[in-house]
Amino acid sequence: MEIKEYEGKYAKEMSEIILSNLYTITIKDHGKEVVDRIARHFTEEEIKKNFPKRIKCFVAIDEGEVLATASLDKVNGMYGVQAENPENKYIILTVFTHLEHQKQGIGKALIQKIDEYAEEIGAEEVLIPASVYGLEFYRKLGYDFHNGNSSQNKDGEYILSKHFNKKTKKNF
């Protein structure tokens, strides 16, 4: 397995992975109405249009097949989080692994890749919205409740964060 940067040619498989997860796992916590609303953002066309705008998007690939995806973007007030120093605060979005390849370390490898990248670009803090299903997974990877708040938000998600040491920002 290798982790690559997003290219438009991966959008169809990414959409299939994300939608299958939404309608198999996420629906259990959020219901069909919420999943239908979320799902419209993850069609092949929407991914091609919006994912290139993110700071970085990675895909895990094995033998030409996309197995998982995860992205990093600026916080910019998402999830009600106002950053004092927004240029150094990021958020991990759209972490999904193909249903048949879960619990094989692929998601962990993607999060570790994003953490490495975040540190390289000088991130001070990275947030991640976590479902009930993903909460312990992210906590094992060093993410903890943002500002100590262990309550779910209005969307039924926990907001977790990880702090990074300040480093010299590399230019990419």
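Preceding block: the structure.
Residues numbered from 1 in each chain as written. Predicted model: local features only at pLDDT ≥ 70, side-chain atom pairs only at ≥ 80, totals over all residues. Heavy atoms only, no water.

Asks: Help me get a handle on the side chain of His101, residues and values and all.
Replies: Looking at the element boundaries, His101 is found in the loop between strand S4 (89-97) and helix H3 (106-120). Apart from residues lying up to four places away in sequence, His101 is in contact with Glu65, Leu67 and Ile106. (Helix = DSSP H or I, 4+ residues; strand = E, 2+ residues; numbered from the N terminus. Contact = heavy atoms within 4.5 Å.)

Asks: Please give an account of the nonpolar core that cites residues and values.
Replies: Of all hydrophobic cores here, the largest spans 28 residues; its most connected members are Leu72, Ile92, Val126, Tyr143 and Leu160. Counting residues per element, the ones that place at least two in this core are strand S2 (56-62), strand S3 (65-74), S4, H3, strand S5 (125-130), helix H4 (135-140) and strand S7 (158-163). Considering every element that reaches this core, the biggest residue donor is H3, with 6 residues. For Ile92, the residues in contact, after removing those within four places along its chain, are Ser71, Leu72, Ile111, Ile114, Asp115, Val126, Leu127, Ile128, Pro129 and Tyr143. Counting 17 residues, the second largest nonpolar core, distinct from the first, contains Tyr10, Ile17, Val35 and Val66. (Core = buried A, V, L, I, M, F, W, Y, C linked by side-chain atoms within 4.5 Å. Buried < 20%, exposed > 50% of the residue type's maximum accessible area, 1.4 Å probe, protein only.)

Asks: How would you summarise the pairing of S5 if you had to cite specific residues and measurements?
Replies: Across the 6 residues of S5, 6 count as buried, placing the element largely inside the fold. The side-chain alternation of S5 yields two buried faces, one formed by Glu125, Leu127 and Pro129 and the other by Val126, Ile128 and Ala130. Sheet topology places S4 next to S5; 3 bridges connect them, and they run parallel. Following the sheet pairing, Tyr90 is matched in S5 by Val126. Handedness of the crossover joining S4 and S5 through H3 is recorded here as right-handed. As paired strands, S5 and S7 are joined by 6 bridges and run antiparallel to one another. (Pairing = 2+ DSSP bridges. Right-handed = clockwise from strand over helix to strand, strands pointing away.)

Asks: Let's hear about the sheet that holds S2: which residues, and what values?
Replies: Reading across the sheet, the 7 strands line up as S1-S2-S3-S4-S5-S7-S6 and stay open at both edges, with mixed pairing between neighbours. What marks the edges here is a single partner per strand, and that holds for strand S1 (2-5) and strand S6 (144-145). Relative to S7, S6 runs antiparallel, the two being bridged by 2 bridges. If you follow Phe145 over to S7, its bridge partner there is Leu160.

Asks: Which residues make up unusual backbone geometry, and what values go with them?
Replies: Note: most residues except glycine have negative phi, and most peptide bonds are trans. Of note, the phi angle at Glu63 is positive, near 50°, even though the residue is not glycine. You can see Glu63 is positioned in the loop between S2 and S3. Look at Glu63 and you get exposed, because its relative accessible area is 80%. You will see that Lys103, though not glycine, has its phi angle at about 65°, which is positive. Take Lys103: its relative accessible area is 78%, and that puts it in the exposed class.

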